[in-house]
Structure formats: structure tokens, C-alpha cells
Number of protein chains: 2
Amino acid sequence: MTLPEKIPENSVGLIMPQVQHFTEPLQFDCGRVLDSYQIVYETYGQLNADHSNAILICHALSGDHHAAGYHSMDDKNPGWWDNCIGPGKPLDTNRFFIVSLNNLGGCKGSTGPNTINPETNKPYGPDFPIVTVNDWVRSQVRLGEALGISQWVAIVGGSLGGMQALQWAIDYPDRLRYCVVIAATPKLTAQNIAFNEVSRQAIMTDPEFYNGHYYDHNAIPRQGLMLARMLGHITYLSDESMRAKFGRELREGKIKFGFDVEFQVESYLRYQGRSFVDRFDANTYLLMTKALDYFDPAREYSHNLSAALAHVTANFLVISFTSDWRFSPERSEEIVRALTDNKKNVNYIEVKAHHGHDAFLMPIPHYLNVFSAYMRNIKISGENS
Amino acid sequence: MTLPEKIPENSVGLIMPQVQHFTEPLQFDCGRVLDSYQIVYETYGQLNADHSNAILICHALSGDHHAAGYHSMDDKNPGWWDNCIGPGKPLDTNRFFIVSLNNLGGCKGSTGPNTINPETNKPYGPDFPIVTVNDWVRSQVRLGEALGISQWVAIVGGSLGGMQALQWAIDYPDRLRYCVVIAATPKLTAQNIAFNEVSRQAIMTDPEFYNGHYYDHNAIPRQGLMLARMLGHITYLSDESMRAKFGRELREGKIKFGFDVEFQVESYLRYQGRSFVDRFDANTYLLMTKALDYFDPAREYSHNLSAALAHVTANFLVISFTSDWRFSPERSEEIVRALTDNKKNVNYIEVKAHHGHDAFLMPIPHYLNVFSAYMRNIKISGENS
């Protein structure tokens, strides 16, 4: 296809999301069952003849299936991981067939709280099953089967996405060759859970929340979701990157002695909070934070992460960022240590970056170079070496 | 006085708050004037004959005048700094006369938003002047004068209290001999301001806030103030101390797949949030966070902290805590560096502690020992050396 001029050459171009329907019931960890559901996804690149060049992308808390390219010529911004997906990029669409989905419980087309429940003809709302990382992995296995992919070259994710990649390697060792875990953690700390809890309380105590049935009241828990997002943003950036970005700069040059925006950082946070409300669902936000809190693959192995990883067979690339205080390098190193305890093949890179947790989304040269070099070394059948 | 058995021997015992009325108008930095006001305060120990043994305690964001001892025999807990104030303690009431006040804008008896405005016969509410650290210092000077104290042996404070001590040393060099600045900073970072802004938004977007006039509606912005306090608590503790205190412990031993409390840390935060609402005023909380944001004594000196501290004459003790990520040791070191640039007398201690910012309130032996030793070396006229 010929791309219009304004889409960059190394973009995957215009992309159309696809939908896969499932009618085999899916059992959730919480005990609930969905009899049928759908998953929306996008693909970039071409699946090769023997279906051996597919990579699965797992998204983070507020992510979705739209990881690369543009949905229309009017789009101001490409998908959330466009820095890493495209021709010549680390996840090179000249070689790989890349699949990116919106997880169950999401709000961008896959079955979730804002989907109509066929049994009630109303949105699921708070009656949607609480989802876990394990549940997502099970649903992703089915998506792979529907697409004819029995083994992925790699499963790749940042943050909560990295946790899904790790869970794949534990639960389905035969179904992936490489596992790329970026800016993740083997489990949340008490502080991480505490931030999530404040966000949840902000949403759930908003009078417009109506116990999660706000759709039925034509309402949105706007203030709660805005607060959750503002708070989230603080944890995605580093103290250093906030200083670099905003310092103590006053929006109007001088102190106004009032409660309107005075410092630039306040303006930024309010904007981020407000614009999030227009594109995200509060019930989905609650579900995503719970999946984060629950994730702890070592729990079933007497809290021994090395035991949890004893039977993985994938080769691992683990990447952390120096200024990430949400999931710090120490957390990534716990994963690396558990893998080396088991003499698994693991490459680990701690990237020097001041961007905080958000670094995994940024075009940081060292990060992209290391990631590219690692992916280039992966052999696919049928390719000239 | 003979104390009942259950009050510890090294306590200042039963304490009765006192009130000082002022009728000379007070000008605030924001341009507003209060024609009359009152300050509530407590004293511990005895003022000596020449009034040369007085120490002023400045409180932090949610503190008040009740720093030591008990208000009644039924009190479960003593004042907020009982670890440091009392016979034989760092601020030794056998030697010093200690004054602790509730700042203007507070909610515990000093004139503030919940005080009746004589001009309207309604609470000031949001019409109370925005207060700054400078304003507080000016009001504290008057309190000292009312008590017959023209020079303090020391002015002492932790966190926002430390900022007041620092401002005293800059604005009134002749009126203090020693300045003790604990767990403080010469100015907030963008991240600090960001956390304050989320707290303010939580309060101000609460439908029960009524633009600050909630008293008139018999309402309290309960959820907003609760969220602000929960968030505050995360920043007062360290990741490490939260791990030590709660880990990932589940309240009922197993995952319940719901949005009620599951992890111990959630239970703790909700409790802290709820109990705060019963003892604190939302408008005061807003004012205190603004005073924090605005504090920046170097601003008037072309952002040069050394220039701001060029004319201080007090001897300084600066104390920081290793795990304090709210006001980290680096921030204290900026103060120390600016003082040594000017060849001022300064002692600096970085105390190893896992408690985070809250460490300044804790009975950490190294901290109390250093603090005690420093205070013991201070000579007071009339004492045998």
C-alpha cells in the first residue's frame, strides 16, 4: 500500500483493528465463567508460511490493542508503542508478524465492564469477573490458536504487560521461544498496592460511581478517575524527570495566592487527568489495578520465585530503567536472579534513563539499540542467516 | 505536681493549652489583613528569671500545639513529639521552657478557616487568608513578644516545621541562637507539589466541599480529606517501612476477588484516612499544602540559597533520614551547603532509618542521642557548666 506523505516511512501505516469471537466458555481464577466473549486485536507485518514469526504484545494498565500505526489520516498520534514496532524497529515488521490485543476487562472493544451482558442486556459494569494475569494469559492462548499460532517467537510486554509475558513463560513453556520483560516486577510492593488502593478509593467514593453501575445512571465517576490518573502519572514519572519537565515554574510567572493552577506541574496533571476520563472506563481501571495487586507467581511455589521459574524454557530479555521507582531495577533483578538460579538463558540490561517508569515507552537510543540487537539475533525458519 | 501512676515518669504530664489574643492587625503575604486573631499554645518546663531558656517548636502539616504530655488521664496517646520533649529528653524540660503553638490557619484553636469571622458571624472557610511560612513566622514573633521572650535559645521543627525554623533564621537573625531543621527542604520539588495538588483536587472536587463553605451546609468533604490523608501517608512512609510493616499480607489469609480490603496495607490506609477526617479540617489541609508549595526562601535572592542564608547568625543543627523520599537527605544537604558556603556554624547528621519521612517523630536511638547531645551543649545563663 502507498502511504500518504504525512505518515512516517518507518510506520506500520494505517491499521484496522480486528475482532475475534469466542464461544467456548472461559473460566476465570475468581470462579466465574464467561460463556462467550470477544477480543479485539491488531496485527502488524506478515505471518510467514509456517506461522513461525509471530510475536505477541501484552499491554499495561491503561494500554490497549492499538500499539502501532494510525487508525486514520487524522490521528495526531500513533499507537502507544510505535517507537518499538515497525519496519527496522526493535519489533521489526519486515521480519515479524506482530499481534497486539486489548485484554478482557478492557474498554476498547474486548469484552469488559462496558460491554453489554447478553444475559441482562445491560453493561456488565461491576459484575464483570475480576481478572488476573493468569486469566489474560489463558485468553491469549486461545487468541493465538484462533490465529493459527501454536508457538510465538516472543511474548513481549512492559510493566503489567511484562508480567503477562512472565506468566506465559511459566504456564505455557512450549508456546514461546523468547520472553521479553520490560520495567516489570515479580510482584507489587506494599507501596505499589497502597497507590492502587488510593486510586480505587478515589473512583469508588465518587458519588457518580453508583457502585459501578454508572452507565445505568448516564453518569461517569469523572473526578475519581481523574484523581486516579493524576496519581498514576506521578508514579510513572521520576522526581528527576518532573524537575526537568516542570521544575517549580509558575504558570503565570508569579504567585497568585489561590487554588487555581499556579505551578506548571499542576496544569500538566489536571490536563492528563481530565483527558483520561474521555478515553477510559473507571470499572476497567479498577480491574487492571486488581490484576496488578494479585500478580505474584511465586505465591503458588511457597513464595519462592526460583521454584516458580524452574520449568521455563524461553530465553529471557529483562530490561529495567534506573529512575523507575514504580518497578525499580531491583525488582527486575529478582526475576533475573531467579532465572540464573535455574541456569536459564537470560540477558539483563539496566538502561540509564531519567524518565521514570514511562521510560519503557520512550525512544531512548540505548534501550532501542539493545532491544533491536537482541531481536535481530533471533532466528526464524526460512530466513537467510 | 504528683502524677497519677499511668503517666510515664519522663512525661511533661498533664498539660492545659493556653490562648493568646492579638488585636494588632496582621498583614499576610497575600495582601490580606486580619484585624484580630488568637493563637493557642502549650508550654512545657519553666521560663527562667531572665527569659533566656525558651525554645519554640514549629509544627508540620497536620500537627498542632499539643506536642507533649497529656490533656487528660483518659488520653490514649501523648502529644505528637513526646519522644523528644520532656525531662531528660532532647528538648529537656528540666532546662528549657518550651513553647508549642498551633499556627494561624490551623484547626485546633488558633484562628483559622473553622473560626467564626467576626465580620460575617460565619466561619472564615475559604475566605481565610492564604498563609505562608513567612506569615507564620511573623505571627510567632508576636507570640514570643507576648510571652516576654525577645530571643529564643532555639527554634526547632521537623518537615514544614523545619521550614519555619529556617525562615526565622533568615528573617529574624537576632531572635534565635540555635536553629534545628529536621527532615526539611529549602523548597518543594515538582513531585512534592504534584502530590499536594492531587490531595487538593481530591478535597476540592468532593461534592461535599461546597467551594470551602461546607460548614454552612452542615457537610464535610469526608472522601476528599480521606483520600488526601491516605496519599499523604504513602509519602510519609518508605517503601521499605511499608514492606516491613505490611508486606503483601492478606487481611483474611486468602484472595477474595473483590474490592473490599484484601491486603493489610489497604486496611491501614483506610483507617488512617477515616480517622483523620474526625480530627482535621479540610480548608486547613488546603492552606498547609499551599504554604509548603510556596516555601522557597531563595526565590527573593535570585534563587541563590547561599545568598538567602548569608546573614543568618544562628548555629544550625540539620538532621535528615536515609529513607525519607519526601524530603530526602539531598534536600537537607542543600541547606547545609548553603550554610557552609557562608562559613556558618552547622552540624549535619544523616540518620540511618527505614521509617521514611515519619522518622522525625520516631524514637530512633541514634537520632535522639545526637539531638540530645547537641542540645546539652547549649549553654544557658545562670546554669552551672
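Parameters at a glance
Residues numbered from 1 in each chain as written. Chains lettered and ligands numbered in written order. Predicted model: local features only at pLDDT ≥ 70, side-chain atom pairs only at ≥ 80, totals over all residues. Pairing = 2+ DSSP bridges. Helix = DSSP H or I, 4+ residues; strand = E, 2+ residues; numbered from the N terminus. Axes fitted to C-alpha atoms, helices over the stretch in contact; angles between N-to-C directions. Contact = placed C-beta atoms within 7 Å. pLDDT = per-residue confidence, 0-100. Parallel < 35°, antiparallel > 145°, perpendicular 65-115°, else oblique. Left-handed = near helix turned anticlockwise from the far one by under 90°. Nonpolar A, V, L, I, M, F, W, Y, C, P; charged D, E, K, R; others polar. Buried ≥ 20, exposed ≤ 12 C-beta atoms within 10 Å, placed from the backbone.

(A) Examining the sheet that holds strand β4 (residues 37–44) of chain A more closely. Residues and elements named next belong to chain A. One open sheet holds the eight strands; their spatial order is β1-β4-β8-β5-β11-β12-β13-β14, and the pairing between them is mixed. Only two strands of the sheet have a single neighbouring strand rather than two, namely β1 (18–22) and β14 (346–351). With direction set aside, neighbouring strand axes in the sheet form an average angle of 20°. Relative to strand β13 (residues 315–321), strand β12 (residues 176–182) runs parallel, the two being bridged by five bridges. Bridge pairing links V180 to L317 in β13. Contacts between helix α10 (residues 365–376) and the sheet are confined to β13 and β14, with β14 contributing the most and set at about 165° to the helix.

(B) Structural view of the confidence of the model for chain A. Mean pLDDT over chain A works out to 96, with 98% of the residues at or above the 70 mark. At the level of chain-chain contacts, confidence expressed as ipTM amounts to 0.95, with global pTM at 0.96.

(C) Seen up close, the packing of helix α6 (residues 264–277) of chain A against helix α3 (residues 190–204) of chain B. Following both chains from N to C, one finds α6(A) and α3(B) inclined at 50°, their axes separated by 9 Å at the closest point. Taken together, α6(A) and α3(B) sit at an angle that is classed as oblique. Crossing handedness for the pair α6(A) and α3(B): right-handed. On α3(B), the residues that touch V265(A), E266(A) and L269(A) of α6(A) are A190(B), I193(B), A194(B) and E197(B). Class assignment of the residues belonging to the contact of α6(A) with α3(B) gives a composition of five nonpolar, no polar and two charged.

(D) Structural detail: the environment of H355(B). Residue and element names in this part refer to chain B. Among the structural elements, H355 can be located in the loop between β14 (346–351) and α10 (365–376). A tally of 23 C-beta atoms within 10 Å means that H355 is categorised as buried. Sequence-wise, H355 and Y236 are 119 residues apart; in three dimensions their C-alpha atoms are separated by 8.2 Å. Residues in contact with H355, not counting those within four places in the same chain, are S238, S241, F321, S323 and M362.

(E) Broad picture of the interface of chain A and chain B. Contact residues are listed per partner, giving 40 residues for chain A and 40 residues for chain B. Of all the secondary-structure elements, those providing two or more residues to the side of chain A that touches chain B are α3 (190–204), α4 (222–236), α5 (239–245), α6 and α7 (282–294) of chain A. When residues of the side of chain A that touches chain B are assigned to their parent elements, the largest contribution, eleven residues, is made by α3(A). Class assignment of the residues belonging to the side of chain A that touches chain B gives a composition of 24 nonpolar, seven polar and nine charged.

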